[in-house]
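# An overview of the molecular structure
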Amino acid sequence: LLPVPLIAGADVAFAARYQAGGRRLLLGGDFYDAIADTDGTLHVLIGDVSGHGPDEAALGVRLRIAWRALVLAGRPAGEILGTLQQVLVAERHREHIFATICVLTVAADRRSARLHLAGHPAPILVSGGSVELVEARVIPPIGVIARTDWPSTEFELPADWALLLHTDGLIDGRVGRGAERLGGEGLAELVADQTRR
């Protein structure tokens, strides 16, 4: 179910880890992909279909493949998100199924990026000794309400950077017995602790 990112020659290091969640190792609807254009622009997708099971996993794969085809066809991110919403609504097996999506477009010079967040957790930007959540406008997940606008947030990238994109399965967890939910800020703190070592 996992993709082979199309990023050969893109002068980026890409690492992905997928682990089924929970003690029962349930199959979920998490998905990701990455594509580099011939001009060097980098497109990255990560998303999560609500629920667990083979139907949700299959829907995640259909959304990923639709995204890949539309990126390769050169369609703009806003149009792609609208099409992904159409695919989700047509393909979901229950009416209440939705998906969170993060679409990141990194400029060919690697100095700026554009981010679309549809109900998805914000990425973490790491640069030198700095670790912070990317501040971005978040709209509802796809499949929740019909929409035609897909706002984005543009931000600058420092000379030396890394981005951590993740699904809520990573931040909804708890650290230690009886502890509070980790959350995005907690994850950023864990990343900062690791970068100081």
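Details of the structure are given in the entry above.
Conventions we followed
- Residues numbered from 1 in each chain as written.
- Predicted model: local features only at pLDDT ≥ 70, side-chain atom pairs only at ≥ 80, totals over all residues.
- Heavy atoms only, no water.
- Helix = DSSP H or I, 4+ residues; strand = E, 2+ residues; numbered from the N terminus.
- Rg over C-alpha atoms; globule rule 2.2 N^0.38 Å.
- Buried < 20%, exposed > 50% of the residue type's maximum accessible area, 1.4 Å probe, protein only.
- Contact = heavy atoms within 4.5 Å.
- Areas by Shrake-Rupley, 256 points an atom, 1.4 Å probe, with all protein chains shown as cover.
- Lys, Arg positive; Asp, Glu negative; His and termini not counted.
- Charge placed at Lys NZ, Arg CZ, Asp CG, Glu CD.
- Phe/Tyr/Trp six-rings, centres within 6.5 Å; stacked < 30°, edge-to-face > 60°.
- Lys NZ or Arg CZ within 6 Å of the ring centre and 35° of its normal.
- Pairing = 2+ DSSP bridges.
- Core = buried A, V, L, I, M, F, W, Y, C linked by side-chain atoms within 4.5 Å.
- Axes fitted to C-alpha atoms, helices over the stretch in contact; angles between N-to-C directions.
- Salt bridge = Lys/Arg side-chain N within 4 Å of Asp/Glu carboxyl O.

### Description of the overall build of the chain
- On a plain count of helices and strands, the chain comes out with 4 helices and 9 strands.
- Listed by position from the N terminus, the elements making up the chain come as β-β-α-α-β-β-β-β-β-β-β-α-α.
- Rg of the C-alpha trace for the chain: 17 Å, near the compact-globule value of 16 Å for 197 residues, within the 12% margin.
- Across its three principal directions, the C-alpha atoms of the chain cover 50 × 45 × 30 Å.
- Looking at the chain as a whole, 44% of its 197 residues are labelled buried.
- In the chain, of all internal contacts separated by at least 6 residues, the share reaching a separation of at least 24 is 61%.
- Put simply, the chain shows about 10,800 Å² of open surface, and 52% of that area lies on carbon and sulfur atoms.
- In the chain, which carries 19 positive and 24 negative side-chain charges, the distance between the mean positions of the two groups comes to 6 Å.

### Observations concerning the packing of aromatic side chains
- A full pass over the atoms with the stated rule returns 1 aromatic pair.
- Each ring, one from Phe14 and one from Tyr32, has its centre 6.3 Å from the other, and the planes form 35°; the classification is tilted. Here Tyr32 lies in strand β1 (residues 28-36) and Phe14 lies in the segment before β1, a separation of 18 residues in the sequence.
- The ring centre of Trp150 lies 5.7 Å from the NZ or CZ of Arg147, which sits over that ring.

### Quick notes on the pairing of strand β5 (residues 124-127)
- Side chains Ile124 and Val126 of β5 all project onto a buried face; the interleaved residues Leu125 and Ser127 project onto the opposite face, where all are buried too.
- Bridge count for β5 against strand β6 (residues 130-133) is 4 bridges, and the pairing is antiparallel. Among the inter-strand pairings, Ser127 is bridged to a residue of β6, identified as Ser130.
- Hairpin connection between β5 and β6: a loop of 2 residues separates the two successive antiparallel strands, and Gly128 in this loop has a positive phi of roughly 60°.
- Inspection of the sheet shows β5 paired to strand β9 (residues 162-164) by 3 bridges, in the antiparallel sense. Counterpart to Ile124 in the pairing with β9 is Leu164.

### Some remarks on unusual backbone geometry
- Positive phi outside glycine occurs at Arg110, with the angle close to 65°.
- Along the chain, the position of Arg110 falls in the loop between β3 (99-106) and β4 (112-118).

### Concerning the nonpolar core
- Residues Val49, Leu63, Trp67, Leu84, Ile101, Val103 and Ile142 are the most contacted members of the largest nonpolar core, which totals 23 residues.
- Those elements giving two or more residues to this core turn out to be β1, β2 (42-52), α1 (54-72), α2 (77-91) and β3.
- Broken down by element, the residue count for this core peaks at 6 residues, all from α1.
- Among all residues touching Val49, those that are not within four sequence positions of it are Gly29, Phe31, Glu56, Leu59, Gly60, Leu63, Ile97, Phe98 and Ala99.
- Counting 18 residues, the second largest nonpolar core, distinct from the first, contains Ile7, Leu42, Val44 and Ala122.

### Looking at the sheet that holds β6
- The antiparallel open sheet is built from 3 strands, whose spatial order is β6-β5-β9. The two strands at the open ends of the sheet, each matched to only one other strand, are β6 and β9. Strand-to-strand twist across the sheet, computed as the mean angle between neighbouring axes with direction ignored, equals 20°.

### Thoughts on the pattern of salt bridges
- One pass over the structure, following the stated rule, counts 7 salt bridges.
- With its nearest N and O atoms 3.5 Å apart, the salt bridge here joins Glu56 to Arg94. Of this pair, Glu56 sits in helix α1 while Arg94 sits in the loop between α2 and β3, placing them 38 residues apart in sequence.
- The class for Glu56 is buried, based on a relative accessible area of 4%.
- Exposure remark for Arg94: the relative accessible area of 38% places this residue in the partly exposed category.
- A salt bridge links Asp149 to Arg147, with the shortest nitrogen-to-oxygen separation between them at 3.2 Å.
- Accessibility expressed as a relative area gives 40% for Asp149, which makes it partly exposed.
- The network of salt bridges with shared partners includes Asp33, Arg64 and Arg68.

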